Amino acid sequence: MKDIESREDLELLMYTFYQKLLKDEDINYIFTDIAKIDLEHHLPIITDFWEQNILNTGSYKNNVLQIHQDLNTKIKLSEEHFSIWLRYFDETVDAFFSGEKANNIKTRALSIATVMKIKLA
């Protein structure tokens, strides 16, 4: 298996990851009913975020914490929500990639989720 090397790799990762999330009834309503994301619009933005964090390129400018704080005012994001999110994230990375960047993206996802849980408590 190859490591994460390009934006195209991240696009595959994000597309597959969100397909899994949107099929899980324990979390999909947050995206569909509460945040009302338009996946076609959301995927390039979230790919920008990870491209900047993992490949050190990209143009992500949003405040990811503020976005989740705003969402948290609509629905309390629970420990279970973060666990589900991280499980699917790690599973999706592991299904396609291995290597330094693959490990790095999983570590960063865990770090970001941990900070968010603390900030949103």
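The preceding data block contains the structure.
So, here is what we can say about the structure in this document.

Parameters at a glance
Residues numbered from 1 in each chain as written. Predicted model: local features only at pLDDT ≥ 70, side-chain atom pairs only at ≥ 80, totals over all residues. Heavy atoms only, no water. 1 Å grid on protein atoms, 1.4 Å probe; cavity = no way out; pocket = protein on both sides within 12 Å on 5 of 7 lines; lining within 4 Å. Points joined across faces, edges and corners; volume = space filled by probe spheres on them. Helix = DSSP H or I, 4+ residues; strand = E, 2+ residues; numbered from the N terminus. Nonpolar A, V, L, I, M, F, W, Y, C, P; charged D, E, K, R; others polar. Phe/Tyr/Trp six-rings, centres within 6.5 Å; stacked < 30°, edge-to-face > 60°. Buried < 20%, exposed > 50% of the residue type's maximum accessible area, 1.4 Å probe, protein only. Lys NZ or Arg CZ within 6 Å of the ring centre and 35° of its normal. Core = buried A, V, L, I, M, F, W, Y, C linked by side-chain atoms within 4.5 Å. Contact = heavy atoms within 4.5 Å. Axes fitted to C-alpha atoms, helices over the stretch in contact; angles between N-to-C directions. Parallel < 35°, antiparallel > 145°, perpendicular 65-115°, else oblique. Left-handed = near helix turned anticlockwise from the far one by under 90°.

All right, on to the layout of surface pockets then. Of the voids in this model, the largest pocket is the one considered here, and its volume is about 710 Å³. In terms of lining residues, the largest pocket is bounded by 30 residues, among which Phe31, His42, Ile67, His68 and Leu71 are the most central. Listed by contribution, the elements that provide at least two residues to the lining of the largest pocket are α2 (28-34), α3 (39-55), α4 (64-74), α5 (79-96) and α6 (100-120). The class makeup of the residues in the lining of the largest pocket is 21 nonpolar, 5 polar and 4 charged.

On to the packing of aromatic side chains, then. Scanning all chains against the criterion turns up 9 aromatic pairs. Consider the rings of Phe49 and Trp50, whose centres lie 5.0 Å apart with planes at 80°: the pair is edge-to-face. When sorted by exposure, Phe49 lands in the same class as Trp50, which is buried. Three or more aromatic residues joined by ring pairs make a cluster, and in this case those are Phe17, Tyr18, Phe31, Phe49, Trp50, Tyr60, Trp85 and Phe89. One Lys or Arg, Arg87, reaches over the ring of Tyr88 and ends 4.7 Å from the middle of that ring.

Grouped together as the largest cluster of nonpolar side chains are 35 residues, with contacts concentrated most on Tyr18, Trp50, Trp85, Phe89 and Ile105. The contact partners of Trp50, leaving out residues within four places of it in the chain, are Leu10, Met14, Leu55, Trp85, Phe89, Ile105, Arg108, Ala109 and Ile112.

So, about the packing of helix α1 (residues 7-23) against α3. In contact at an axis separation of 9 Å, α1 and α3 are set at 130° when each is read in the N-to-C sense. The pairing of α1 with α3 is recorded here as oblique in orientation. When you trace α1 past α3, the crossing you get is right-handed. Counted together, Arg7, Leu10, Glu11, Met14, Tyr15, Tyr18, Gln19 and Leu22 of α1 and Leu39, His42, Leu43, Pro44, Ile46, Thr47, Asp48, Trp50, Glu51 and Leu55 of α3 form the full contact between these two elements. Classifying every residue of the contact of α1 with α3 by side-chain character gives 11 nonpolar, 3 polar and 4 charged.

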